[in-house]
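As a plain string of letters, each chain reads:
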Amino acid sequence: MRVSLLGPVTARDDDGAPLDAGGARLRALLARLALDAGRVVPAGALITGLWDAEAPANAANALQGLVSRLRRALGADVPHVDGGYRLSGATVDAAEFEELAARGRAELAAGRVHEADATLTEALELWRGEALADVRDAPFALAPAVRLDGLRLETTEDRFEARLGLGRHTEILADLAAATVEHPLRERPAALRMRALQAAGRTAEALTVYAELRERLAERLGADPSPELRAAHLELLRGEERAATPTAGRLPVRLTSFVGREPELAALTGPASRLTTIVGPGGAGKTRLAVEAAARHPAHAAGRVWFAPLAGVGSPDRVPDAVLAALGHGLRRDGTPAERVAALLGPEPAVLVLDNCEHVIAAVAALAEELLERAPGLTILATSREPLAVTGEVLCPLGPLDPADEARRLFTDRARAVRPGFDADEGAREAVAEICRRLDGLPLALELAAARLRSMSAEQIARRLDDRFRLLAAGSRTAVPRHRTLQAVVEWSWDLLAEPERVLARRLSAFPGGARLADLEAVAAGPELPAADVIYVLGSLVEKSVVDADGGADPRYRMLETVRAYAAGRLTESGERAAVEARFIARLLAVAEENEPHLRTGEQLRALAVFEAEDDNMSAALRLAVDGHEPDSSARLIGALAWFWQTHRPDRRLTTQIRQILAVFGDELPEHARAGFAAVAALSEGTPILPATARALVDECVRTGAFERYPALVAAVPTGAMLAGDAELADRELRRAAGHPDAWVRAVGRLMEVTVRGDRGDWAGAAAPLAEAIERFTALGDRLGLMMALSVLARRHSVEGDHARAIAEFERAAGVAAETGPFADVWLRTQAAGERVRAGDLDGAERDFTALLARLASGPPERVLEVRLGLVNLHLRRGDLAAAEAAVAELTGMLQASGHPPPLAKMITVVARMGLRLAARDASGARELWPPVVVSCKSLRDFPLAAELYAALLAAEGDAVGAARALGWSERLRGAFDAGNPDLAELVADLTARLGEEGYRAAYATGTGASRDEVARTLA
């Protein structure tokens, strides 16, 4: 949302469509929040600012109602935080104006008058009238309005000064005359008008302006002109005219806008070394950044910036001639080359840009070092794919643009140049995001891709990125040859490599996720490249910007995807691919099998870090093993990856991968693998199977030794047997887990026993195995197991109505989970926030949900869905049905847009919709939703929830006896009544009022006395 305060108060949505901001009071609230957008405004300050002494008796409630109206009217994000309210996610024109005005003033002070004029104009064009024009009667409004109007006046004067510096005095004379009339006692516009008149040759009029102002100051204020104004008058009398700002040239013309690179520009334009080299891969935008930085250097305004392009220099001895040519003085014969260049530069401050140095790096380094000694005022800015390696050199590494921000902005900007009005709709947005990500945010690649929009859609471009060198083969005809196509850019770097560097680079391309040194030595070393040399050759590739190192204690070396694609082509041409891929599979299999057992021990975090770092490589190794028809390697890899994927990478779709391996290899798999994989495929996703089938699968695992090979399988089977309806098999496998020699299997077995007992309604019997599971996981150091066990304990406290202990255990589990991954704790903190809702701490819950959504701005979508679901319950507890309805609609849209909605979120959304209908007392609407709700509850194995919803439905339909009986079913199914659910507490009170205490108890008892099978049939 965009809020405009520089004129009448208005609001527009993200697409620019106007929003109805309501009446004066609502607009005043919006304006007051927007003045401090992103910051909390205390409720007391809002009440004073809106009503002052005329505040209503219950001002806090009135304010809350006003905020609710604002949320509904604009869809605004206005959370209640720390005793106040905050406008989040909005851009405000007043804040933009102040930022632009400050930047323009700084540019003016630095002598960059062209930039200052553009920036100040952009700032002033935001204004549409007086600030806060239609809410100035509000008590808070006058002070900020006066301040903003004053800033507008100062910014207008700054622009007058910038245009004077540009020699545009004639066009501003009329406006300056109007300004002196409007502000007759203000000295700055008068001084600027005097200078403009003098520049126009109208000195007599300029003197008159001074005399009239001096007279007004004396008459009205009894004051004399300021020293600055008197100095300007003295310049007029002496006939001294301020020199116009010189126009600087000698830099390449910038035909397109400059996007991003703010940190690098700040570093290059601030206090810097006399020699700075911008280093990075081809196509990263080194030249453009250097030109932009040079144009902002103070020397540019004095005309003392020179640009020396070296890309066309064929031999090192021609470097000085190229620099001399750039200085515009041809080929002088006296003195050494460095002496001739230094003489031309002189001692004054100057900037020399040496562009594209990598192919003549030694000659450039020698010349730069001598020039810095001979020309004391000289600053050199070089661009190269490797450092000059000169003493005192400062490097400015230039990597890819951020695909989600700067790269997207650059692509969109260049797209509009070839297709005016280009605007990425929903489909195109996803395609643009994929283009930016898969092209590594590399500026040249993005510009080449944007140029393709003349004949293709963004979606068509994204689908063809696997053949990127063919796709991006048509660039600017006027660019140097190596910048005309993507392939030419990479080939230029490749041709500068020595043979050992090419060997290592093409073998490194086998690693899609990059590689550590030890893995590279195992895969890339050979007769042409001894293992002991790998680290030194890697160093050269890093220096030449072909490979990047992450800088850790054991660095990971990786290539940009475009460079990797080119190197992969060279690997195929070399005839080495089969041998390199065989070593790659063997190495990744060894790493996986070495670390897999540690996932269930105190070494878990270290092992998780290995699997996280190597996941792309291990997945690639598995694909290669399957495609190469290697059943043993495929089985071993999926076996080593299974637990990590199951717990940390659901997107890898473990069961789908296992079924593929079973289909591809069949009887070629080792029999223990075939038996274990068949059991996982049949049991792990809750697919209904006959008890006899489940028993046969488990018996085959026993016969083949699969349980010894795959410890996690022992833990998974009891719940699979439970889902198959074979209670005896479930108990048998729980006993197997309890007697297993592996302590981790015994711990998980106890946790699975909790699940099985819970499914049977044995609430009391689940307590002891849960306590034992927590104790065992703690002793083992298994954070994942401990996190799951603690979450079950927290849920038990919640059902028992002990909210404080439930929240404490959810937070404890979240703290454990946070150690295992960046977003692993989010679902637990979401549960804790939900528990605050159950406890009645609605403000605390809202605060937690808001914080979680802020964290998840770049997090996994399924976690966002869970938080949004929590907000639905929060709105329902507050009785804000409109907000709950909007939240459910938003959830439904998110699920539809995701393409593959998480089943859990989809099921719970159906339940939330029924809860909304019940809260709205829409019994018929709730009844229509009942069939899918039953299906969802069965899929979730949450039969007590089904009974509770059925009770609420019957109560809404007027069947109080049936409702009380259904509540008794919930206790029969769970083994305990949910004493912590405030909705159920209200329902019990309502039913008791209708039936009387004895009537309610009797009906409830018929529910608790029913058989589980009878309840299941009735609910279905």
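Residues numbered from 1 in each chain as written. Predicted model: local features only at pLDDT ≥ 70, side-chain atom pairs only at ≥ 80, totals over all residues. Heavy atoms only, no water.

The protein is annotated in an unreviewed UniProt entry as SARP family transcriptional regulator of Actinorhabdospora filicis. What UniProt states about the protein under its Sequence similarities (unreviewed entry) heading is, verbatim, "Belongs to the AfsR/DnrI/RedD regulatory family." (UniProt positions renumbered as here; feature names shortened; annotations may be inferred.)

A separate point is the overall build of the protein. Along the protein, the regular secondary structure elements total 49 helices and 15 strands. Dimensions of the protein along its principal axes, counting C-alpha atoms only, are 110 × 90 × 50 Å. Here the protein holds 1020 residues, and the buried ones make up 49% of them. Pairs at least 24 residues apart make up 67% of the contacts formed inside the protein by residues separated by at least 6 positions. Total accessible area computed for the protein in this model is approximately 45200 Å², and 53% of it derives from carbon and sulfur atoms. Between the averaged position of the 122 positive side-chain charges in the protein and that of its 145 negative side-chain charges there is a distance of 2 Å. (Helix = DSSP H or I, 4+ residues; strand = E, 2+ residues; numbered from the N terminus. Buried < 20%, exposed > 50% of the residue type's maximum accessible area, 1.4 Å probe, protein only. Contact = heavy atoms within 4.5 Å. Areas by Shrake-Rupley, 256 points an atom, 1.4 Å probe, with all protein chains shown as cover. Lys, Arg positive; Asp, Glu negative; His and termini not counted. Charge placed at Lys NZ, Arg CZ, Asp CG, Glu CD.)

Moving on, we come to the pairing of strand β8 (residues 275-279). For β8, a buried count of five out of five residues is recorded, marking the element as mostly surrounded by other parts of the structure. In β8, alternate side chains face the same way, and those of Leu275, Thr277 and Val279 on one face and Thr276 and Ile278 on the other are all buried. In the sheet, β8 pairs with strand β11 (residues 378-384) via five bridges, with the strands oriented parallel. Following the sheet pairing, threonine 276 is matched in β11 by leucine 381. (Pairing = 2+ DSSP bridges.)

Tallying each qualifying case throughout the model produces nine aromatic pairs. Between tyrosine 1000 and tyrosine 1004 the ring centres are 5.8 Å apart and the planes differ by 35°, which places this aromatic pair in the tilted class. Taken together, the residues span about one helical turn, with tyrosine 1000 and tyrosine 1004 both in helix α48 (residues 982-1008) at a distance of four residues. Using a relative accessible area of 14% as the deciding quantity, one classes tyrosine 1004 as buried. Members of the aromatic cluster, connected to one another through ring pairs, are Trp930, Tyr950 and Trp969. Sitting above the plane of the tyrosine 566 ring, arginine 570 keeps its charged end 4.3 Å from the centroid. (Phe/Tyr/Trp six-rings, centres within 6.5 Å; stacked < 30°, edge-to-face > 60°. Lys NZ or Arg CZ within 6 Å of the ring centre and 35° of its normal.)

So, about the nonpolar core. Buried together is how nonpolar side chains tend to be arranged in soluble globular proteins. In terms of nonpolar packing, the biggest core is built from 152 residues, with Phe411 and Ile435 touching the most fellow members. In terms of residue count, helix α28 (residues 604-627) provides more of this core than any other element does, nine residues in total. (Core = buried A, V, L, I, M, F, W, Y, C linked by side-chain atoms within 4.5 Å.)

With 18 residues, helix α42 (residues 861-878) should reach 26 Å at 1.5 Å per residue; the first-to-last C-alpha distance of 26 Å fits that figure. Along α42, the residues classified as buried are Arg863, Val864, Leu865, Val867, Leu869, Gly870, Leu871, Val872, Leu874 and His875. One or two residues past the end of α42 sits glycine 879, with phi positive at roughly 80°. (Expected span 1.5 Å × (residues − 1).)

A few words now on the sheet that holds β11. Spatially, β9-β10-β11-β8-β12 is the arrangement adopted by the five strands of the open sheet, whose pairing is parallel. Edge positions in the open sheet fall to β9 (305-309) and β12 (394-397), since each of these has one partner strand only. Ignoring strand direction, the axes of neighbouring strands in this sheet form an average angle of 20°. Against the sheet, helix α16 (residues 361-374) makes contact with β8, β10 (350-355) and β11, and its axis sits at roughly 170° relative to β11, the strand it touches most. (Axes fitted to C-alpha atoms, helices over the stretch in contact; angles between N-to-C directions.)

This paragraph deals with the sheet that holds strand β6 (residues 84-85). One open sheet holds the three strands; their spatial order is β4-β6-β5, and the pairing between them is antiparallel. For this open sheet the edge positions go to β4 (41-42) and β5 (80-81), each flanked by a neighbour on one side alone. Across two bridges, the pairing between β5 and β6 is antiparallel. Across the sheet, residue valine 81 finds its bridge partner in β6, namely glycine 84.

This next bit is on the side chain of arginine 974. Among the structural elements, arginine 974 can be located in helix α47 (residues 960-974). Among the polar contacts made by the side chain of arginine 974, one reaches the side chain of glutamate 948 at a distance of 2.8 Å. Setting aside its immediate chain neighbours within four residues, arginine 974 contacts Gly761, Asp762, Trp763, Val799, Pro944 and Glu948. (Polar contact = N/O pair within 3.5 Å; in protein donor to acceptor, adjacent residues only side chain to side chain.)

With that settled, consider the packing of helix α40 (residues 826-839) against helix α41 (residues 842-855). A pair of packed helices can be characterised by two numbers: the angle between their axes and the separation between those axes. One way to put it is that α40 packs onto α41 with a least axis distance of 7 Å and a crossing angle of 160°. The angle between α40 and α41 falls in the class roughly antiparallel. The two elements α40 and α41 meet at a crossing, and its hand is left-handed. Between α40 and α41, the residues in contact are Val826, Arg829, Thr830, Ala833, Gly834, Arg836 and Val837 and Leu842, Gly844, Ala845, Asp848, Phe849, Leu852 and Arg855, respectively. Of the residues belonging to the contact of α40 with α41, the class tally is seven nonpolar, three polar and four charged. (Parallel < 35°, antiparallel > 145°, perpendicular 65-115°, else oblique. Left-handed = near helix turned anticlockwise from the far one by under 90°. Nonpolar A, V, L, I, M, F, W, Y, C, P; charged D, E, K, R; others polar.)

For the rest of this paragraph, the subject is the packing of helix α15 (residues 337-345) against α16. Put simply, α15 and α16 touch, their axes get as near as 9 Å, and they point 45° apart. If you check the angle between α15 and α16, you find them oblique. Of the two possible hands of crossing, α15 and α16 adopt the one that is right-handed. Residues Ala338, Glu339, Val341 and Ala342 of α15 pack against Leu367, Glu370, Leu371 and Arg374 of α16. Classifying every residue of the contact of α15 with α16 by side-chain character gives five nonpolar, no polar and three charged.

Turning to the UniProt feature "DNA-binding region" (unreviewed entry) in the protein, a few remarks are in order. Residues annotated by UniProt as "DNA-binding region" (unreviewed entry) correspond here to residues 1-89. Span residues 1-89 is 42% helix and 16% strand, its end C-alpha atoms 7 Å apart.

Turning our attention to unusual backbone geometry. If you check the backbone angles, asparagine 356 has positive phi at about 65° while not being a glycine. Structurally, the position occupied by asparagine 356 is in the loop between β10 and α16. Backbone geometry at arginine 921 places phi at a positive 60°, although glycine is not the residue there. Assignment of secondary structure puts arginine 921 in the loop between α44 (903-919) and α45 (923-939). On the basis of relative accessibility, which here comes to 76%, the residue arginine 921 falls in the exposed class.

Within the secondary structure layout, arginine 32 lies in helix α1 (residues 24-35). Judged by relative accessible area, arginine 32 falls into the buried class, the value being 15%. Along the primary structure arginine 32 and phenylalanine 140 are separated by 108 residues, whereas in three dimensions their C-alpha atoms are 7.5 Å apart. Setting aside chain neighbours within four positions, we find arginine 32 in contact with Val41, Leu46 and Phe140.

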